[in-house]
Structure formats: C-alpha cells, structure tokens
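Summary of structural features
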Amino acid sequence: MTNKAIDIGFLEEKSNWLLHPRFFPSKVGGKPAWLDLKNLPSPSELVCKRCNDPLIFLCQVYSPYEEKDECFHRTIFIFICKKGSCCQVNDSDNFLVLRCQIPRKNDYYSFEPYEENENEIFSTDKWPKLCYICGARAPSHCSKCKKVYYCSRQHQILDWKNHKIECPNLQQTDPPNSNFVVTEGAKSLLFKEWELIVDEEDEEDPTNVDTNQEMEKLRKMIEEKKAGTMENLSEKELEQYTGSVPEDKVFNKFSKRIARHPDQVLRYDRAGIPLWITMNSGNLPIPNCKYCNGERHFEFQIMPQLLNFINVGIEFNSIDWGVLAVYTCRESCNEGPAYKEEFLIKQDLTT
C-alpha cells in the first residue's frame, strides 16, 4: 500500500487455504488469520463492551510499515458483536480494533514468501489452540474427547449438536485442522469469507448503470436507517432527491466519490482524512495511543457496502454502520501486548 494515494478495497471469492496466515491476507469474514501465532489475545479481551458476549471477526487489513523492521508484517483486525441490540447510533462499543506487527525474521513464518501450494504443511501444534467455532484463542476443550477446543461456553453450546455426534467417533483420530477453516458449526455465526483486494483509486466514472434502481436502494436505506449500497448517484439526482435525504453536502460528496467505484468496501489513506458519510461526525477527539502516549492518525475506513457482502439481514435490529474510521498509533509503536487496541469511530447515516 502507498502512503501518497488513496487505495480502495474490493472483495473477491477465494479458496480458504489461500487466506491462511502464511500468505498475510487482507480478508473479510471467516476466522481471523492471526499474525503473531503465539501471543494471541485472551477470550476475555474479545468480548462486547455492552453484552459481554464473544466478538466475531469482521475483517483484517494487511498494512506493513516497510520502513520499520519491527513492522515488516503488520495487520489490523476488526471484531464486532453481532447482536443488533448492541449496535447503537454513532457508538463503537460493539467493535474492537487490534493492531499486530512482527519483523520479517520471526518465529512463525519463512523469511521468503511462501509458494501457493495447497498441500504444503504448516503446523500450528506448538501454538495456542484455537476455537473450533470462531478461531479465537481457546482455553477450554471437550471434556470427553479433549481434542476440540472452544473460546467460551457459548461457542461450545453452539457446536454441541454436531459435536455430540462426532465425538464418540474421534477416539484415536484427530479432528480436521480447523484453526483457519470455517466449519459447519461456525457457518451460522461467522460472516461469509472473502479476500480483500486493495488497489489505487482512479478517476474512472461509472457507466451503464441503472440509476433509478440505485435511487430506490438509497430510498429504502434511509427508510430502514440502513447504510447499504449507495451506488452511482449523480449530483443532479441527489439534488432532485433532497425531499427525502437530509441536505448534507458531506453526504453528497460521499455519494459522488464512491460512485467512481460503487463496490468498494475499504478506503485506505494513512495519515489522510476519512470520507465521512454525513456532517454529523460528532467531532470526537482521537485519544493518544494507550501504549506509548503518541498521537494516533487515520489509517483506513470500512465502507457501508461491506454489509451487502456478509449476509447481514435488513431487519430493524440487525448490525449496521455508515462508515467505520480506524485510527492507529502514528509511530506504530511496539510497546505493550502483541495485539494492541486501536481506536474506531462509527458514523451512521440517520434521518
């Protein structure tokens, strides 16, 4: 990624094995592809501030500081509580952002890039066990077979219907290596998995688009207080639509800018300025890094279009956001734990 131009991210389907940690992926959904495989956050750190239930992996962005040896590999992880009741307007308490970084020479990965070989063996036996359901650190296991691990009682209960059938058959046979694989029991809980492809934004204008259809999407989004897709809205159409959309120049600017690339789910602009969706940003102060006390700066934002790719329902109490703006330590300090908490602003589009 470059620091000078704005990069944007799109989603592509890809085989799960190509999203393994050894390939340092940027990805959405499924289980996290952890970077530091030993010093994982504890389950107590990955809980919702509102309901105290386990958070679910939303996405990760591989974003190295190649000028700093300790940040040669660097990934930002975002987790979310899936309960709609924990999703409050312009409130980020149902989210958690973690930053992890390691040098090129480390205890986990080869110094040189790995070849894309599905049959290559990458053992994780010496690292902490991961939850069979969500991929978080798992301190507990099935008391009968002692071979399937869980991060929490909630996830063990979720898997019990399937596991009670398989458990007697395990005996001397190890369960499949599911550390980074989405299992059947997890499909109802985790978001659909995608690779996140990042490339530089260009000035291409949208063509061959049914603008009436897109305006209808916008109308429904406003009515439902949802932040779904806002594709290809011309300035003229926005002006004609001000009877239902708040007169917000910031929103107009947002809509016109994303119309260049309507399927973008991420905008990466390290040390830049977020593309806000509304003027109601709240002007929240950005706290300093809790580890080095240095300043944080904006790094990237997750766009509302992502909601269309991860099978989020449109019911009133489902999760939602306008934009998610992530701020990280400007120096990407190496103080504190391996996975360091960073700051997120959730901005919603409200009528």
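Residues numbered from 1 in each chain as written. Predicted model: local features only at pLDDT ≥ 70, side-chain atom pairs only at ≥ 80, totals over all residues. Heavy atoms only, no water.

**Digging into the packing of aromatic side chains**
Selection criterion: Ring geometry is summarised as follows: Phe, Tyr and Trp rings, the Trp one being its six-membered ring, pair when their centres sit within 6.5 Å, and such pairs are stacked at plane angles under 30 degrees, edge-to-face over 60 and tilted between the two. Numbering of helices and strands runs from the N terminus; a helix is a DSSP stretch of H or I covering at least four residues, while a strand is a stretch of E covering at least two. Throughout, exposure labels follow a simple rule: accessible area from a 1.4 Å probe, protein chains only, divided by the maximum for the residue type, with under 20% read as buried, over 50% as exposed, and the rest as partly exposed.
For the structure on display, the rule yields 17 aromatic pairs. Geometrically, the ring pair formed by phenylalanine 24 and tyrosine 62 is stacked, given 5.7 Å between the ring centres and 25° between the ring planes. One end of the pair, phenylalanine 24, is in the loop between β1 (7-12) and β2 (27-28); the other, tyrosine 62, is in strand β3 (residues 56-62), with 38 residues separating them in the sequence. You can call phenylalanine 24 buried: its relative accessible area is 15%. For tyrosine 62, a relative accessible area of 19% corresponds to the buried category. Judged by centre distance (5.9 Å) and plane angle (20°), the ring pair of tyrosine 109 and phenylalanine 122 falls under stacked.

**Some details on the environment of valine 326**
So the rule is basically this: Contacts: residue pairs with any heavy atoms within 4.5 Å of one another.
Mapped onto the elements, valine 326 comes out in strand β11 (residues 323-329). A C-alpha to C-alpha distance of 5.5 Å links valine 326 and phenylalanine 300, two positions 26 residues apart in sequence. Those residues in contact with valine 326 that sit more than four places away from it in its chain are Ile76, Ile78, Val97, His297, Phe298, Glu299, Phe300, Phe343 and Leu344.

**Some points on unusual backbone geometry**
Phi at phenylalanine 24 takes a positive value of approximately 50°, unusual for a residue other than glycine. Phi is positive for asparagine 90, which is not a glycine, with a value near 55°. In this structure, asparagine 90 sits in the loop between β4 (73-80) and β5 (95-102).

**Describing the side chain of glutamine 264**
Defined as follows: The term polar contact refers here to a pair of N or O atoms within 3.5 Å; inside protein, the definition further demands a hydrogen-donor-capable atom paired with an acceptor-capable atom, and it admits residues adjacent in sequence only when both atoms are side-chain atoms.
Looking at the element boundaries, glutamine 264 is found in the loop between α4 (249-258) and β9 (266-268). What makes glutamine 264 buried here is its relative accessible area of 0%. Engagement of the side chain of glutamine 264 in a polar contact is seen with the backbone oxygen of histidine 261, the distance being 3.0 Å. One polar contact links glutamine 264 to arginine 267, side chain to side chain, over a distance of 2.9 Å.

**Remarks on the sheet that holds strand β13 (residues 343-347)**
Note the following rule: When DSSP finds two or more bridges between two strands, those strands count as paired.
The strand order across the open sheet built from 11 strands is β12-β5-β4-β3-β2-β8-β1-β9-β10-β11-β13, with neighbouring strands paired in antiparallel fashion. At either end of the open sheet lies a strand with only one pairing partner, and these are β12 (340-341) and β13. Relative to β5, β4 runs antiparallel, the two sharing 8 bridges. Bridge pairing in β5 places histidine 73 opposite isoleucine 102.

**Examining the pattern of salt bridges**
Basically, it comes down to this: Any carboxyl oxygen of Asp or Glu within 4 Å of a side-chain nitrogen of Lys or Arg constitutes a salt bridge here.
In the structure shown here, the tally under the stated rule is 17 salt bridges. Measuring nitrogen to oxygen at the nearest pair gives 3.0 Å for the salt bridge that ties arginine 50 to aspartate 91. Taken together, the residues arginine 50 in the loop between β2 and β3 and aspartate 91 in the loop between β4 and β5 connect sequence positions 41 residues apart. Between lysine 290 and glutamate 341 there is a salt bridge, with its nearest N and O atoms 3.4 Å apart. Taken together, the residues lysine 290 in the loop between β9 and β10 (296-302) and glutamate 341 in strand β12 connect sequence positions 51 residues apart. For glutamate 341, a relative accessible area of 24% corresponds to the partly exposed category. Among the charged side chains, a salt-bridge network with shared partners connects Glu201, Arg257, Arg260 and Arg267.

**Comments concerning α4**
For an α-helix, the turn length of 3.6 residues means that residues three or four places apart are oriented alike. How we decide: Within this analysis, the arc is defined by the directions that extend from the helix axis to the C-beta atoms.
Among the residues making up α4, those that are buried are Phe251, Phe254, Ser255 and Ile258. Buried residues of α4 fall within an arc of 95° about the axis and therefore sit on the same side. Opposite the packed face of α4, turned more than 90 degrees from it, sit the exposed residues Lys249 and Lys253.

**Side note on the state of the cysteines**
Formally: Any two cysteine sulfur atoms lying within 2.5 Å of each other are counted as a disulfide.
Under the criterion given, the structure shown has 0 disulfides. Here cysteine 81 stays unpaired: no disulfide links it, and the sulfur of cysteine 51, its closest cysteine neighbor, is 3.7 Å away. No disulfide involves cysteine 142; its sulfur sits 3.8 Å from the nearest other cysteine sulfur, which is in cysteine 145.

**Here we look at the nonpolar core**
Keep this limit in mind: We call a set of buried Ala, Val, Leu, Ile, Met, Phe, Trp, Tyr and Cys residues a nonpolar core when their side-chain atoms join them within 4.5 Å.
Counting 70 residues, the largest nonpolar core has Leu58, Ile78 and Trp321 as its most contacted members. Contributing elements (two or more residues each) for this core: β3, β4, β5, β7 (149-150), β8 (194-200), β9, β10 and β11. Membership of the second largest hydrophobic core comes to 14 residues, among which are Phe251, Ile258, Met303 and Tyr327.

**Some thoughts on the side chain of glutamate 201**
Position of glutamate 201 relative to the elements: it lies in the loop between β8 and α2 (211-223). A polar contact of 2.8 Å, which involves the side chain of glutamate 201, links it to the side chain of arginine 257. Residues within four places of glutamate 201 in sequence aside, it is in contact with Ile6, Asp7, Ile8, Arg257, Arg260, His261 and Arg267.

**So, the pairing of β10**
With respect to burial, β10 is a largely interior element, 7 of its 7 residues being buried. Inspection of the sheet shows β9 paired to β10 by 3 bridges, in the antiparallel sense. Among the inter-strand pairings, tyrosine 268 is bridged to a residue of β10, identified as phenylalanine 300. One ladder, built from 6 bridges, connects β10 with β11; its direction is antiparallel. Paired with histidine 297 across the two strands is threonine 328, which belongs to β11.

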